[in-house]
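Chain by chain, the residues:
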Amino acid sequence: MRKKTSSTIVPDARSVVRRSATPPNLGQPLVTPLSHSVMYHYEDADQMQSVFEGAQPGYGYARDGHPNATVLSEKLSWMEGAEGGVVTASGMAAISAALLANLRAGDRIAAATQLYGRSLLMVRDDFPRMGFPTDFFDASDSATFADAIKPGTRIVLCEIVSNPMLRITQFKELAQAYKSAGALLLVDNTFTTPAGFRPLDHGADLVMQSVTKMLAGHSDVNIGYIGSNDLELIEKINGTIANMGFNSSPHSCWLAERGLQTFDLRHRAASQNAIEFANFLEGHALVERVHFPGLASHADHDLAQSLLKGAGTMVSFVLKGARANANAFLRAAKNIPYGPTLGDVATIMIMPAVSSHRKLPRADRIALGIEDNLVRVSLGIEDFKLIKRDFEIALAASALAN
Ligand SMILES: *Cc1c(COP(=O)(O)O)cnc(C)c1O
């Protein structure tokens, strides 16, 4: 029982709006407490001033920072080998913040042609509309890098493994080309994860993650991260996050932190499943082609081996036949959800021609290798026997649609 106050005013229903002090407790909670509070209050002006000026630790208003964001961003920074980092409402908020914090009037962006769909729309439509033109290069062809460097190129956006063709970026050449031009190199490391590649160890200025995907891992939270070894850069981005309202919610951070705890185990299991899955598909009578950097048949197999740890958890393949065969295949794959995300704890799949790349003219899409019946699979951690059985059933059903 907590002590009643000695006041003569008896607390009633209307008194409950007055917040109670956290009950005294010598024990420390094992699990990070979820702090939903938007405001943190202080005893007096001196105390608040010392916190706001950074002389004492503390928080003020949740858009500017909160304990769950601090805990999550620290862990993500350990993983990426970053000196500092910040979390955002989503992966897209992280990219937006990194660009908006660094661009000045007259600056240009350089970006890879095979970016995540929304990133591509952002640098193709949104930033040019605001006066920041984008020059594009093919990340898997270093001969295209020089043309995308112009006077005023301020920031370069690339990924390491492209979606959905899983082409590998010629990263060493890219880092060199843009370093010598004085541009900042921002790497979207979502597909690779820090278990496969750590961009900051290889000359990137900024790394970002859609934590939503493999890191959080359970398809129940949107959250982003941006990290760097340059703490001034992080400070600047942090200011932009607060100004623009790109901040994370405590609940999202809490869920992501919980997911992160099993990331390493999940990544190992899913990577092993990806290898077995690619081997199973290669040479299957109902499969036209398989794209997986771990296969000797992949266009960038050697580069993947020298640049990355492992071959990742994503496998793309082309199903033989037409749309009717694809529909039969998807309907028969009852245990493999068909929808737009990746990195879930369980195996899921999508057809990029009707999702991420649906707005590209067909000829341009085919030129990128994204055929009509290309299926992108994000491997989960199930027993591979289950995955194999489900795909055997679905592939057999695809042939019956003829
Ligand atoms: C999903 C994704 C994003 C965007 O992240 P959200 O958390 O969905 O905003 C950015 N880049 C890549 C490579 C992604 O897969």
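Everything here concerns the structure above.
Small disclaimer: the values here were computed from a predicted structure and weren't measured.

Peer 1: For this particular structure, what's the right way to read the sheet that holds strand β1 (residues 84–88)?
Peer 2: Each strand in a sheet pairs with its neighbour through backbone hydrogen bonds, running either in the same direction (parallel) or in the opposite one (antiparallel). The strand order β1-β7-β6-β5-β4-β2-β3 describes an open sheet built from 7 strands, whose pairing is mixed. The outermost strands of the open sheet, each flanked by one partner alone, are β1 and β3 (134–137). Ignoring strand direction, the axes of neighbouring strands in this sheet form an average angle of 20 degrees. As paired strands, strand β2 (residues 108–112) and strand β4 (residues 153–159) are joined by 4 bridges and run parallel to one another. Counterpart to Arg108 in the pairing with β4 is Thr153. Along the sheet, helix α4 (residues 117–129) makes contact with β2, β3 and β4, crossing β3 at roughly 150 degrees.

Peer 1: Looking at this structure, how should I read a nonpolar patch on the surface?
Peer 2: Together, Val38, Met39 and Tyr61 make up a nonpolar patch on the protein surface, roughly 300 Å² of accessible area in all. Counting through the fold element by element, Val38 comes out in the segment before α1 (45–52). Exposure remark for Val38: the relative accessible area of 45% places this residue in the partly exposed category.

Peer 1: Just to check I follow, could you spell out the nonpolar core for this structure?
Peer 2: Where a protein is soluble and globular, its nonpolar side chains tend to be buried together. By size, the foremost hydrophobic cluster in this structure holds 75 residues, and its most contacted members are Phe137, Phe171, Tyr178, Ile226 and Ile237. With 7 residues, the single largest contributor to this core is helix α3 (residues 91–102). When sequence neighbours within four positions are dropped, the list of residues in contact with Phe171 reads Cys158, Ile160, Leu185, Val187, Phe197, Pro199, His202, Ala204 and Leu307. Residues Val287, Ala311, Leu319 and Leu395 belong to the second largest nonpolar core, which totals 28 residues.

Peer 1: Quick question: what am I supposed to make of the sheet that holds strand β10 (residues 348–350) here?
Peer 2: The strand order β8-β9-β11-β10 describes an open sheet built from 4 strands, whose pairing is antiparallel. Since the sheet does not close on itself, it has two edges, and those belong to β8 (287–291) and β10, each with one partner. Across the sheet, the mean angle separating the axes of adjacent strands is 25 degrees when strand polarity is ignored. Sitting on the sheet, helix α9 (residues 263–281) touches β8, β9 (314–319) and β11 (374–378), and the angle it makes with β9 is about 15 degrees.

Peer 1: Quick question: what am I supposed to make of the site of the ligand here?
Peer 2: Around the ligand, the surrounding shell holds 13 residues, and the nearest of these are Gly91, Asp188, Ser210, Thr212 and Lys213. One nitrogen or oxygen atom from the main chain of Met92 is found 3.0 Å from an oxygen atom belonging to the ligand. Out of a free accessible area of 380 Å², the ligand has 95% covered by protein chains. When the residues that make up the shell around the ligand are grouped by side-chain class, the tally is 4 nonpolar, 6 polar and 3 charged.

The rules behind the values
- Residues numbered from 1 in each chain as written.
- Predicted model: local features only at pLDDT ≥ 70, side-chain atom pairs only at ≥ 80, totals over all residues.
- Heavy atoms only, no water.
- Pairing = 2+ DSSP bridges.
- Helix = DSSP H or I, 4+ residues; strand = E, 2+ residues; numbered from the N terminus.
- Axes fitted to C-alpha atoms, helices over the stretch in contact; angles between N-to-C directions.
- Contact = heavy atoms within 4.5 Å.
- Patch = residues over 30% accessible without salt bridge, like charges linked within 9 Å, V, L, I, M, F, W, Y side chains within 5 Å.
- Areas by Shrake-Rupley, 256 points an atom, 1.4 Å probe, with all protein chains shown as cover.
- Salt bridge = Lys/Arg side-chain N within 4 Å of Asp/Glu carboxyl O.
- Buried < 20%, exposed > 50% of the residue type's maximum accessible area, 1.4 Å probe, protein only.
- Core = buried A, V, L, I, M, F, W, Y, C linked by side-chain atoms within 4.5 Å.
- Near = heavy atom within 4 Å.
- Polar contact = N/O pair within 3.5 Å; in protein donor to acceptor, adjacent residues only side chain to side chain.
- Nonpolar A, V, L, I, M, F, W, Y, C, P; charged D, E, K, R; others polar.

Remember that the coordinates give geometry; whether it matters functionally is a separate question.
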